[in-house]
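A closer look at the structure
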Amino acid sequence: GAGVSQSPSNKVTEKGKDVELRCDPISGHTALYWYRQSLGQGLEFLIYFQGNSAPDKSGLPSDRFSAERTGGSVSTLTIQRTQQEDSAVYLCASSTPSPTREQYFGPGTRLTVT
Amino acid sequence: AQSVAQPEDQVNVAEGNPLTVKCTYSVSGNPYLFWYVQYPNRGLQFLLKYITGDNLVKGSYGFEAEFNKSQTSFHLKKPSALVSDSALYFCAVTLSYNTDKLIFGTGTRLQVFP
């Protein structure tokens, strides 16, 4: 079946502009995660959605970052007033509920802020 | 706080030789441990996991890892390396009673030379 998809695959934006990144999880996966992969920084957790529960936003680096998950499926990560330090690959993953906990990752969106 | 350490930025090994990629963790409860691999220009792929039971777990592509509670380690191993194993490897941890968000190490680049 289809895996996790993300769009766009690449995004170049000017400093100060807002961007929206989209994630389509695997059908039936109730958990959805956003991570950020910066050069030399590894993978950084951003936000986690599980079913209808309140999202775990503990990883969002500033109030310029927000995310929504509509209808328990598609998610959008929004970055307002982008800064150059926001340049990174943004990865989305989804999983079934416990106990397997394996996460399936999308190909990522490479964001470049100029 | 939970953390994962991958002490080596890069591991070089000749094809046919055994390989080890090191990972240690620090958690306050029972860990769930994972290895993911990222091939060039591709998303992260799940390799293997330790949840409970046998300390030696086997995964995809001939990889295995040993959970060592006393040393708080979860090193990734393969008896005979292939050039095609060259990639970026991430160790990750989550807690059995926590949400499913993963805490990742900074990654180790494995280079297998012919």
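For the structure, check the block above.
Before going into details, it helps to say that this report is about the structure given with it. (Residues numbered from 1 in each chain as written. Chains lettered and ligands numbered in written order. Predicted model: local features only at pLDDT ≥ 70, side-chain atom pairs only at ≥ 80, totals over all residues. Heavy atoms only, no water.)

**What to know about the state of the cysteines**
Here is the rule: When the sulfur atoms of two cysteines come within 2.5 Å, that pair is taken as a disulfide. We count a stretch as a helix when DSSP gives it H or I for four or more residues in a row; a strand needs E for two or more, and each element gets its number in order from the N terminus. Think of it in three bands: with a 1.4 Å probe and only protein chains considered, a residue is buried below 20% of the maximum accessible area for its type, exposed above 50%, and partly exposed in between.
What the rule picks out here adds up to two disulfides over all chains. Here C23(A) pairs with C92(A) through a disulfide, and the sulfurs are 1.8 Å apart. One quick way to see it: the torsion about the S-S bond of C23(A) and C92(A) is about -65°, and its sign makes the bridge left-handed. With C23(A) in strand β3 (residues 19-24) and C92(A) in strand β8 (residues 88-95), this pair connects stretches of sequence that are 69 residues apart. The class for C23(A) is buried, based on a relative accessible area of 0%. Overall, C92(A) belongs to the buried group, its relative accessible area being 0%. Between the sulfur atoms of C23(B) and its disulfide mate C91(B) the distance is 2.0 Å. Around the S-S axis, the bridge from C23(B) to C91(B) shows a dihedral of about -65° and counts as left-handed.

**Observations concerning the layout of surface pockets**
Formally: Lining residues are defined by having an atom within 4 Å of a point belonging to a cavity or pocket. Those points lie on a 1 Å grid over the protein atoms alone, cavities being sets where a 1.4 Å probe fits but cannot get out and pockets being open sets with protein on both sides within 12 Å along at least five of seven lines. Grid points are joined across faces, edges and corners, and a volume is the space filled by probe spheres set on the points. Polar here means any residue other than Ala, Val, Leu, Ile, Met, Phe, Trp, Tyr, Cys and Pro, which are nonpolar, and Asp, Glu, Lys and Arg, which are charged; Gly is therefore polar.
By volume, the largest pocket amounts to about 760 Å³. Lining the largest pocket are 30 residues, with Q37(A), V89(A), R110(A), Q38(B) and L88(B) sitting closest to its centre. Where the lining of the largest pocket is concerned, the elements lending two or more residues are β4 (31-38), β8 and β10 (109-113) of chain A together with β10 (87-95) and β12 (108-113) of chain B. The residue inventory of the lining of the largest pocket, partitioned by class, reads ten nonpolar, 16 polar and four charged.

**Considering the interface of chain B and chain A**
Where interface size is given, it is often the accessible area lost as the parts come together that is meant. Just so we agree on the cut-off: By definition in these notes, contact holds between two residues if any of their heavy atoms fall within 4.5 Å. The term buried area means the drop in 1.4 Å probe accessible area that two parts suffer when joined, counted for both and summed. Basic side-chain nitrogens of Lys or Arg form a salt bridge, by our definition, when they fall within 4 Å of a carboxyl oxygen of Asp or Glu. Residues adjacent in sequence count toward polar contacts only when both atoms are side-chain atoms; beyond that, a polar contact is any pair of N or O atoms within 3.5 Å, and within protein one must be able to donate a hydrogen and the other to accept it.
At the junction of the two partners, chain B supplies 22 residues and chain A supplies 19 residues. Regarding the contact of chain B and chain A, the summed buried area is about 1700 Å², with carbon and sulfur atoms giving 53% of it. Between the two partners, chain B and chain A, sit one salt bridge. Of the charged contacts, one joins E102(A) and K49(B) as a salt bridge, the two residues approaching to 2.9 Å between their closest N and O atoms. Between the two partners, chain B and chain A, sit four residue pairs in polar contact (both at pLDDT 80 or more). Counting only elements with at least two residues in the side of chain B that touches chain A, the list comes to β5 (31-38), β6 (44-50) and β10 of chain B.

**Thoughts on the nonpolar core**
Counted only if it meets this: Side-chain atoms within 4.5 Å link the members of a nonpolar core, which is a set of buried Ala, Val, Leu, Ile, Met, Phe, Trp, Tyr and Cys residues.
By size, the foremost hydrophobic cluster in this structure holds 27 residues, and its most contacted members are W35(B), L47(B), L48(B), F74(B), L76(B) and Y89(B). Those elements that provide at least two residues to this core are β2 (10-14), β3 (19-21), β5, β6, β8 (64-68), β9 (73-78), β10 and β12 of chain B. Broken down by element, this core gets its largest block of residues, four residues, from β10(B). Residues within four places of L48(B) in sequence aside, it is in contact with L33(B), F34(B), W35(B), V57(B), K58(B), G59(B), F63(B), E64(B), A65(B), F74(B) and L76(B). The next biggest cluster of nonpolar side chains, apart from the first, holds 20 residues, and it includes W34(A), L46(A), A67(A) and L77(A).

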